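# Secondary and tertiary structure notes
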Amino acid sequence: MSSAPIPENELNRILNLSDFDLDYYSLEDNFKDLTRLAAKALGAPISLVNLIDSFTQWTVASHGMDLKQMPREDSVCQYTILKDEAYKIDDLTTDERYKDKIFTDLEGNRLKYYFGVPLTTNDGYNIGALCILDNQTREIDPEKVEFLKIIAKEIINRLTALKVIKSLKYKLEQADQVQKKVAHDIRGPIGGIIGLAQIISEQGDQNKLDEVLEFVQLIQKSGTSLLELADEILTANKAKKLNDNELNLLTLKDKLEKLYNPQAVYKNINFKVNINKKTEDIPFSKDKLLQIIGNLISNAMKFTSENGAVTVDLDIISNIDHSNLLIKVKDNGVGISKDRIDAILNGEVASTNGTQGEAGYGFGLALVKHLIDSLKGTLEITSVQGEGTTFTISLPQKANKN
């Protein structure tokens, strides 16, 4: 038997199916009622819900036939997914592709008739088929064809609901972890405040003014830390469409400006963060980002003279399969020698050598390189001594389909 042609969008079709992350043997209860409904509505003894991956047709629900899977090349539904309309075979016993393949019902009767409609996802990919089979040829009127298509749409709706539920469960797990982390982070500053207040209280009249002032300053720092943590929590709650482990260009720009503007003002450096307005709302993972960019900005400011400039450019380049977060940190400081750049890119920088303009490019950039490598990203460094340095980073991100 010859194999069916492969759909033109086969790669994306398979990727779309994989997005549902299905356990094919756990779906029967979700679709059993729909297979029975399809069979009864069309007066057929058998109805199947089949999903087709690269090699296998998985029967995730059935009525009137005990079938779990079969090789894709042996299936009839492999033809149904080629187009968006219904597909039928009047007599499987005479069709050259299937005459030697014996399909039987539960009673052992040989099946002849096949009629199927594709299961089309909201992204437009045919990931499988809803079909009915009979041991006699029949005619199906247009109204019943439409009814079958409605059932097929409901199957997709339920698959999508399962996907959403799974995602929500994951987010709840993340929220639980965040809650535990917040409780841990808050415990430290509160414990510090209570401890310092207790020391002042126990010493009573023995407290010296300078010691009290020092304690008060420490209490103030702990209180500020709590306020910053509360502000971060409130800001995260206000950000729409972002998970706890996500940022977009707007929120990243805001964080960088809040973190590093004070340093820039103190040294009288012109600090600017630029973003691409067209991609500013696209979410991406914030994993290790602030450590990477923060080290680069801090080093740039440290070795940029007063009235100099440090610029950060942020953008996202997307295609069908993935996207890259692009980060460019540029300064007009003292620059880095070529030997130093080579050492950084080869992962050989473990400490500083104390030379002017390079003392800050030791552990900081070694850490940056390590973090970028761990994220499977790339780092490029261009520099002219006495004129400045540019760090260009590309970090791969998972495609966002929301």
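Below you will find a few notes about this structure. Only a predicted model underlies this, so the values are computations on that prediction, with no experimental measurement involved.

### Notes on the state of the cysteines
Considering all chains together, one arrives at zero disulfides under this definition. The cysteine Cys 77 is free of any disulfide, with Cys 131 supplying the nearest cysteine sulfur at 3.9 Å. We classify Cys 77 as buried; its relative accessible area is 2%. Judged by its relative accessible area of 1%, Cys 131 is buried.

### Quick notes on the packing of helix H6 (residues 249-267) against helix H7 (residues 289-302)
Orientation of H6 relative to H7, taken along the N-to-C sense of each, is 20 degrees, at an axis distance of 11 Å. Considering their axes alone, H6 and H7 lie roughly parallel with respect to each other. Helix-helix and strand crossings are classified by hand; for H6 and H7 the assignment is right-handed. The segment H6 lies against H7, with Leu 252, Lys 255, Leu 256, Leu 259, Tyr 260, Gln 263, Ala 264 and Lys 267 engaging Leu 289, Leu 290, Ile 293, Gly 294, Ile 297, Ser 298, Met 301 and Lys 302.

### Looking at the nonpolar core
With 38 residues, the main nonpolar core has Leu 256, Phe 271, Leu 289, Ile 297, Leu 314, Ile 327 and Leu 395 as its most contacted residues. Sort the elements by how many residues they give to this core and H7 lands first, with seven residues. Listed in part, the 30 residues of the second largest apolar core include Tyr 24, Leu 27, Tyr 113 and Ile 156.

Calculation criteria
- Residues numbered from 1 in each chain as written.
- Predicted model: local features only at pLDDT ≥ 70, side-chain atom pairs only at ≥ 80, totals over all residues.
- Heavy atoms only, no water.
- Disulfide = S-S within 2.5 Å.
- Buried < 20%, exposed > 50% of the residue type's maximum accessible area, 1.4 Å probe, protein only.
- Axes fitted to C-alpha atoms, helices over the stretch in contact; angles between N-to-C directions.
- Helix = DSSP H or I, 4+ residues; strand = E, 2+ residues; numbered from the N terminus.
- Parallel < 35°, antiparallel > 145°, perpendicular 65-115°, else oblique.
- Left-handed = near helix turned anticlockwise from the far one by under 90°.
- Contact = heavy atoms within 4.5 Å.
- Core = buried A, V, L, I, M, F, W, Y, C linked by side-chain atoms within 4.5 Å.

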